[in-house]
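# Fold and geometry: a report
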Amino acid sequence: MTDAAGRRELPKTYDPHAVEGPTYRRWLDMGAFRADASSERPHFSIVLPPPNVTGSLHIGHALDHTFQDYLARMHRMRGDEVLWLPGMDHAGIATQNVVERELAKEGKSRFDLGREAFVERVWAWKATSGGTILGQMQRLGDSVDWSRERFTMDEGLSRAVREVFVSLYEQGLLYRGQRIINWCPRCLTALSDIEVEHEEIPGELAYLRYPLNDGSGALVVATSRAETMLGDTGVAVHPDDPRYRHMVGRTMRLPLLGREIPVVADEAVDREFGTGAVKVTPAHDPNDYEIAQRHGLPAVDVLTEEAVVNANGGRFQGLDRYAARQAVKDALAEQGLLERVEAAPHAVGHCYRCKTEVEPRLSLQWFVSTKPLAEQAMAAVRNGVTRFEPARYEKTFFGWMEGIRDWCVSRQLWWGHRIPAWYCPDGHVTVAREDPSACAECGAATLRQDEDVLDTWFSSGLWPLSTLGWPDRGPDLEAFYPTSVLVTGYDIIFFWVARMMMLCCHFQPPTPFRVVAIHGMVRDAQGKKMSKSFGNVIDPVELMDRYGTDALRFALIRGANPGSDVPLAEEWVEGGRNFANKLWNLGRFVLSSIPEGTKPEDLPAPAQRKLADRWLLSRLERSRAAATAAYDAYDPAEAARLLHAFAWSELADWAVELAKPRLAAGGDDARRVGAVLAYALDVTLRLLHPIMPFVTEELGRALRDVDTITLGPWPLERPDDLDEAAEADMADLQETIAAVRRFRAEHAVPPARRPHLTIVATGQRQAALFRAEAESIRRLARLEAVEVVAAGEAGATVAAEAGRPAAKLLAAGAELRLPLAGLLDLDEERSRLQRERAGLEQERRRAKAKLANRDFLEKAPAAVVDRARARLAEVEASLAQVAGRLEELTAITGG
Ligand SMILES: [Zn+2]
Ligand SMILES: [Zn+2]
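Starting from 1, residues in each chain are numbered consecutively following that chain's sequence as written. Whichever chain is written first becomes A and whichever ligand is written first becomes 1, with later ones labelled in order. Totals for whole chains, interfaces and linings use all residues, but because this is a predicted model, local features are given only for residues with pLDDT of at least 70 and pairs of side-chain atoms are given and counted only at 80 or more. For side-chain calculations, the full set of non-hydrogen atoms in the structure is used, while hydrogens and water are omitted.

### As for the overall build of the protein chain
Strands are runs of DSSP state E lasting at least 2 residues, helices are runs of H or I lasting at least 4, and numbering of each runs from the N terminus. Per the secondary structure count, the protein chain includes 29 helices and 31 strands. Computed over its C-alpha atoms, the radius of gyration of the protein chain comes to 37 Å, more than 25% above the 29 Å expected for a compact globule of 895 residues. Seen along its three principal axes, the alpha-carbon backbone of the protein chain occupies a region of about 125 × 70 × 55 Å. By definition, residues are in contact when any of their heavy atoms lie within 4.5 Å. Excluding contacts between residues fewer than 6 apart, the proportion of contacts in the protein chain whose partners are at least 24 apart in sequence is 77%. Here the protein chain displays about 38,400 Å² of accessible surface, and carbon together with sulfur accounts for 50% of that area. We take the radius of gyration over the C-alpha atoms and set the globule estimate at 2.2 Å times the residue count to the 0.38 power. Exposure was quantified through the Shrake-Rupley algorithm and a 1.4 Å probe, taking into account, for residues, occlusion by the shown protein chains and nothing else.

### Considering the coordination of the zinc ion (ligand 2)
On the protein side, the zinc ion (ligand 2) has C424 (SG), H428 (ND1), C439 (SG) and C442 (SG) as donor atoms, found 2.1 to 2.4 Å from it. The site at the zinc ion (ligand 2) holds four donor atoms, and with the angles between them running 103 to 118°, its shape is tetrahedral. The sequence pattern describing where the donors of the zinc ion (ligand 2) fall on their chain is C-x3-H-x10-C-x2-C. Water is not among the atoms examined, so metal sites may look incomplete; donors are the N, O and S atoms within 2.8 Å of the metal, or within 3.2 Å for Na, K and Ca. The geometry test gives tetrahedral to four donors whose angles all lie between 85 and 135 degrees, gives square planar to four donors and octahedral to six donors whose opposite members are over 155 degrees apart with all other angles between 65 and 115, and gives irregular to the rest.

### With respect to the environment of Q526
Along the chain, the position of Q526 falls in the loop between strand 26 (522-524) and helix 16 (540-547). Residues Q526 and G107 lie 419 residues apart in sequence; the distance between their C-alpha atoms is 45 Å.

### Some words on the coordination of the zinc ion (ligand 1)
For a metal bound by four donors in a tetrahedral arrangement, the ideal donor-metal-donor angle is 109.5 degrees, while six donors in an octahedral arrangement ideally sit at 90 or 180 degrees. Those protein atoms acting as donors to the zinc ion (ligand 1) are C184 (SG), C187 (SG), C351 (SG) and C354 (SG), and they sit at 2.2 to 2.4 Å. Its four donor atoms give the zinc ion (ligand 1) angles of 103 to 115° at the centre, a pattern that matches the tetrahedral case. Read N to C, the donor residues that coordinate the zinc ion (ligand 1) are spaced as C-x2-C-x163-C-x2-C. Classification of C187 by relative accessible area gives buried; the value is 6%. Summary of the burial criterion: residues with accessible area below 20% of their type's maximum are buried, those above 50% are exposed, and those between are partly exposed, where the area comes from a 1.4 Å probe applied to protein chains only.

### A short note on the pattern of salt bridges
For this analysis, a salt bridge means a side-chain nitrogen from Lys or Arg found within 4 Å of a carboxyl oxygen belonging to Asp or Glu. Under the criterion given, the structure shown has 63 salt bridges. R704 is the partner of E601 in a salt bridge, and the nearest nitrogen-oxygen pair spans 2.9 Å. Residue E601 is found in the loop between helix 18 (570-593) and helix 19 (611-632), and its partner R704 is found in helix 22 (residues 693-704); the two are separated by 103 residues along the sequence. Between R662 and D669 there is a salt bridge; the shortest N-O distance is 2.8 Å. Using a relative accessible area of 15% as the deciding quantity, one classes D669 as buried. Each of E102, E106, K108 and R121 takes part in a single network of salt bridges with overlapping partners.

### Here's the deal with unusual backbone geometry
For the peptide bond that leads from Y481 to P482, omega is -5°, which places it in the cis range. Topologically, P482 is positioned in the loop between helix 14 (475-480) and strand 24 (483-489). A cis amide bond links P509 with the next residue in sequence, P510, at an omega value of 5°. Summarising the element assignment, P510 is placed in the loop between helix 15 (493-507) and strand 25 (513-519). With phi around 55°, L188 is a residue other than glycine that occupies positive phi space. Along the chain, L188 turns up in the loop between strand 5 (174-184) and strand 6 (189-191). A positive phi is found at R782, a non-glycine position, where the angle reads about 55°.

Structure below.
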């Protein structure tokens with residue numbers, strides 16, 4: 001709709017749902033987010049941490065994406081060529097679990113389908129049910145370049161994965177080896193160290209007696225997993241332990257199975273643990289495996305993939321590990337070989353996906369030698385090629401990297417990048433970029449490909465390279481690599497950031513990103529982690545439905561102090577909605593009140609600006625500079641707070657109120673103040689656009705009659721607008737008006753009562769200011785008239801006030817006198833305050849009694865008790881205020 005002047009007319013209230021969808025589509029239609037690799041502009045690029053294809057938008061994404069979007073939008077407005085590249089991760093275990101659950105409902109397992117059909121089924125699932133999150137990203141306003149959307153299983157990305165696997169193998173940085181790995185007996189796959197969550201369990205320590213083979217005595221060993229004794233192939237003691245020195249080299253008879261096992265001496269044995277003699281179970285414990293390697297002890301695997309005892313476990317075969325634990329202890333006890341069992345809580349690893357207890361398992365897996373890669377990654381950070389924001393997270397990064405162990409990259413899954421290694425009947429290994437037709441070593445034509453796939457993080461570790469077309473040196477890689485900044489939560493610094501740094505620094509130096517900007521986790525208002533079990537999870541989509549997207553984005557960004565956790569409560573999103581409405585009303589006022597044809601760019605010449613104009617432009621310039629600096633420092637929370645304060649209080653409240661009579665009067669001055677308001681609004685909208693893109697776009701377009709503000713320009717620097725004198729004068733005026741308003745509010749003076757105010761200014765200069773602005777003071781403080789005298793020249797006028805009861809207020813160093821006659825009925829006011837005091841005192845008594853009640857303190861939830869305490873503090877504060885006002889009243893009436 002447009003009005004007679006051709007200006008777009010805005011509806012009375014802001015309806016986010018009517019604006020957001022069409023606005024986003026318009027941006028897509030105009031290609032606003034599409035990056036041009038051949039552009040001459042400075043390049044700015046971000047790769048989106050790829051969400052799982054199984055995922056939907058949670059509140060953590062909402063923060064993470066809004067953070068990236070502010071950077072992308074700000075740089076776009078500043079004229080950079082911006083690429084924000086979106087995509088999804090195939091999420092190996094997670095996706096396979098989803099499809100397996102679906103199959104289970106049909107009474108089938110993946111083995112019923114076979115590998116090929118199962119993988120096809122996963123692709124079909126992805127096509128119909130995967131990627132819910134992409135539509136939700138559009139609702140959130142993500143300004144990503146959809147024409148470059150990628151998926152970790154795409155052909156191009158798979159080629160990058162294969163190239164890296166083969167190259168690492170050729171460089172001796174990737175190998176296949178027998179290692180004890182973390183095994184999930186439910187997911188039936190290996191897990192890397194960081195996919196294991198350690199958790200304290202009650203646990204026990206069982207002391208088992210192993211007799212010497214010659215019947216001359218026995219040795220006692222302690223274990224928390226008694227069933228593993230079925231796989232023992234030795235007993236180890238410390239070489240310097242006098243208790244056992246004479247035993248070294250002798251053999252024991254393994255109870256229950258009768259196997260002969262030697263006693264060996266090894267430095268790795270902890271003399272303080274248990275009895276100082278340890279059973280050696282090479283197939284089920286990483287330390288035992290190393291001891292066994294040193295002493296040539298065999299490894300006997302006694303568990304199946306599902307952690308059930310296998311044929312090596314003799315009569316215990318078929319029992320799961322927990323049942324076997326009890327059965328072994330019972331059998332030993334019967335033979336008098338169970339010395340004792342004591343409670344011993346200890347940490348046990350659990351699968352991060354399904355929480356099943358992890359079983360250490362000996363198996364043949366592929367590993368990446370991470371040490372040399374980690375060195376390169378750490379060097380990039382040490383040399384400042386990559387910088388962490390905030391810098392304290394560099395320590396976390398170094399901590400992880402220094403303690404790094406070789407990375408087990410093979411997974412026993414079907415969904416993922418299949419390992420490009422082939423085995424011939426003689427066991428030769430062929431690792432190749434193209435599927436081989438013959439063994440590289442012996443030429444045998446029958447080859448079997450490795451069944452395993454690669455860890456999901458192997459492909460996401462290549463994300464900044466593979467998405468830009470690597471290994472080809474195409475235009476995107478040339479233009480946008482290294483990327484400008486990576487935005488992510490501190491929780492995946494190791495999972496993801498470290499891996500990208502290791503692989504990308506190695507394959508495409510110097511670094512994948514110039515800056516790593518770390519943000520915190522979204523928590524509830526009490527700072528508690530959001531989780532289904534606490535019932536405090538906030539759904540960002542629901543919040544967008546209820547309050548609009550800008551409201552959610554503003555609330556998240558306002559709480560996102562650099563690197564720290566982000567508290568969020570629904571009320572704050574409501575506050576974001578109120579801010580969007582405030583902007584809307586401000587926009588409507590400016591558009592409807594400024595004289596026809598007034599444009600933001602028609603700012604009056606400095607000599608023609610009134611105090612309010614000079615003040616507003618100065619405050620605007622200061623806010624622009626501070627907000628821009630905060631945005632640049634990866635501190636959008638500070639920018640949000642600054643801009644909110646400026647837009648709400650200074651622009652929408654003060655500046656608009658001060659401008660009203662000038663606009664109403666019309667003429668040149670109306671045109672001038674109209675241009676100042678329009679200009680200030682335009683700049684404010686542009687500064688807020690990176691955080692609240694929708695409402696600012698709608699208003700910004702109407703204000704300037706342009707198609708979009710999302711392509712800029714960013715507000716220019718105008719240092720000449722800074723005007724300290726105007727800001728100081730305006731502060732005096734604001735303080736004065738606020739003091740009268742506060743008095744009126746505290747004493748409940750009806751709006752219609754308009755007193756006469758006398759100001760005794762600090763001196764001639766201030767008196768001149770108040771005289772010049774008397775009309776503004778009169779109107780904004782709802783006064784009949786304003787009279788100004790300078791201190792020391794308080795002549796007849798002030799004398800005339802003497803003897804009559806008047807309130808004396810202090811503001812900006814001046815004294816404000818308000819005659820009380822006709823303003824408030826003193827007796828009525830006094831009894832009103834006394835009633836208020838009585839009510840408060842009663843509430844205080846009740847609250848104190850409650851807090852003295854032990855039953856309440858012990859049984860009520862902590863939050864309820866806290867609330868009661870806070871309420872009491874509020875009541876105390878109100879009482880002090882009422883007492884103060886009663887005292888004031890007494891002073892005024894002179895007794
Ligand atoms: Zn699992
Ligand atoms: Zn061969």
